[in-house]
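Structure assessment
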Amino acid sequence: MAPYFFSNIFLAHSMSSEGLQRCFVLHRRPYSESSLILDVFSEEYGRITLMSKGARSKRSNLKGALQPFTPLLLKWSGNGSMKTLRQAEPISLGLPLMGINLYSAMYINELVGRVLVAEVAMPALFHDYLHALTELAQADNPEPALRRFELAMLSAMGYGVDFLHCAGTGEPIDPEMTYRYREQKGFIASVRRDNLTFLGNELIAISERRFTTKEQLKAAKRFTRIALKPYLGGKPLKSRELFLSMVPRARSIGK
């Protein structure tokens with residue numbers, strides 16, 4: 001199934017009055033002898049944690065369905081921080097993600113799991129997540145999809161940055177000038193060159209989410225790392241460590 005057709009099928013699949021919600025599993029881990037704990041990203045409830053009792057038993061019809069990158073309709077109950085899964089219906093097979101693109105999708109899952117506050121609805125970001133996965137399923141280069149999703153996540157969390165105007169003068173960004181990023185203020189014209197400085201054309205590309213050169217992609221990656229660092233803290237990303245250990249050429253490509 002073509003990725004974009006898959007995306008349309010998922011979004012067109014109506015949720016029933018039974019309380020089923022469109023969801024993706026971000027991460028799963030075994031619990032007791034036959035159960036699973038699921039970290040889930042849902043369209044209407046944001047990031048939630050579910051207990052799926054008996055999901056690993058031989059008789060369970062959900063063993064192959066409760067996997068990352070598989071579109072699901074889920075229903076749960078409970079009022080605590082961990083809900084109990086009551087019903088699960090896979091809408092289709094999972095997206096065909098392989099190699100570097102699979103590790104990139106794992107990175108996106110880890111970002112959602114670590115950065116988003118639990119049980120805060122972000123339906124627009126859920127759609128951005130779905131679009132990122134469908135793009136990764138057919139992209140030769142995963143970098144643009146990763147940068148667009150990171151920027152969408154920052155925007156959804158209220159990390160507002162004006163990429164099109166100088167924070168010092170209010171003048172439109174000049175594509176040929178250099179600007180230095182100042183946290184909580186924005187970009188200010190500067191002759192100084194360091195990790196916090198960007199060319200005007202790079203800022204315009206970030207604003208438009210369109211990256212036509214390697215330099216623009218590198219600048220977007222540099223900015224999102226700066227912006228996401230306070231949310232991630234000093235704890236390394238497991239997906240990045242796995243990526244570097246399993247894919248030798250990742251050291252020259254990187255996420």
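The next thing to look at is the sheet that holds strand S3 (residues 46-52). Spatially, the 5 strands close up into a barrel ordered S1-S2-S3-S5-S4, and their pairing is mixed. Averaged over all adjacent pairs, the angle separating strand axes in this sheet is 50 degrees, with direction ignored. In the sheet, S3 pairs with strand S5 (residues 82-90) via 3 bridges, with the strands oriented parallel. Its bridge partner lying in S5, Met51 is registered against Thr84. Packing against the sheet, helix H2 (residues 99-115) makes contact with strand S1 (21-31), strand S2 (35-42) and S3, and its axis sits at approximately 90 degrees to S1. The sheet contacts of helix H3 (residues 123-136) involve S1 and S2, and relative to S1 the element is tilted by about 75 degrees.

In this section: the pattern of salt bridges. Inspection of the entire model under this criterion finds 10 salt bridges. Here Arg29 and Asp39 are joined by a salt bridge, their closest N and O atoms 3.1 Å apart. Of this pair, Arg29 sits in strand S1 while Asp39 is found in strand S2, placing the two residues 10 residues apart along the sequence. Judged by relative accessible area, which is 17%, Asp39 ranks as buried. Two residues, Asp194 and Arg192, come together in a salt bridge whose shortest N-O distance is 3.2 Å. Taken together, the shared-partner salt bridges in this structure form one network comprising Glu143, Arg147 and Glu150.

Before going further, it helps to spend a moment on the packing of H2 against helix H4 (residues 143-156). H4 packs onto H2 with a crossing angle of 10 degrees between their chain directions and a minimal axis gap of 11 Å. As judged from the angle between their axes, H2 and H4 are roughly parallel. Of the residues in H4, those touching H2 at Ser104, Tyr107, Ile108, Leu111, Val112 and Val115 are Leu146, Phe149, Glu150 and Met153. Within the contact of H2 with H4, the residues separate by chemical class into 8 nonpolar, 1 polar and 1 charged.

Take the confidence of the model for the protein next. The share of residues in the protein with pLDDT of 70 or more is 87%, and the mean pLDDT across the chain is 87. In this model residues 1-5 is a low-confidence stretch, pLDDT under 50, and it forms 8 contacts with partners more than four residues away in sequence or in other chains. Confidence drops under pLDDT 50 across residues 250-255; counting only partners more than four residues distant or on other chains, this segment forms 20 contacts.

Here the focus is the pairing of S2. Counting buried positions over the 8 residues of S2 gives 8, a clear majority of the element. Every second residue of S2 is oriented toward a common face, with Ser35, Ile37, Asp39 and Phe41 on one face and Leu36, Leu38, Val40 and Ser42 on the other, all of them buried. Sheet analysis places S1 next to S2, joined by 8 bridges and oriented antiparallel. From the neighbouring strand, Arg29 faces S2, where its bridge partner is Ile37. The sheet contact formed by S2 and S3 spans 7 bridges and is antiparallel.

What counts and how
Residues numbered from 1 in each chain as written. Predicted model: local features only at pLDDT ≥ 70, side-chain atom pairs only at ≥ 80, totals over all residues. Heavy atoms only, no water. Pairing = 2+ DSSP bridges. Helix = DSSP H or I, 4+ residues; strand = E, 2+ residues; numbered from the N terminus. Axes fitted to C-alpha atoms, helices over the stretch in contact; angles between N-to-C directions. Contact = heavy atoms within 4.5 Å. Salt bridge = Lys/Arg side-chain N within 4 Å of Asp/Glu carboxyl O. Buried < 20%, exposed > 50% of the residue type's maximum accessible area, 1.4 Å probe, protein only. Parallel < 35°, antiparallel > 145°, perpendicular 65-115°, else oblique. Nonpolar A, V, L, I, M, F, W, Y, C, P; charged D, E, K, R; others polar. pLDDT = per-residue confidence, 0-100.

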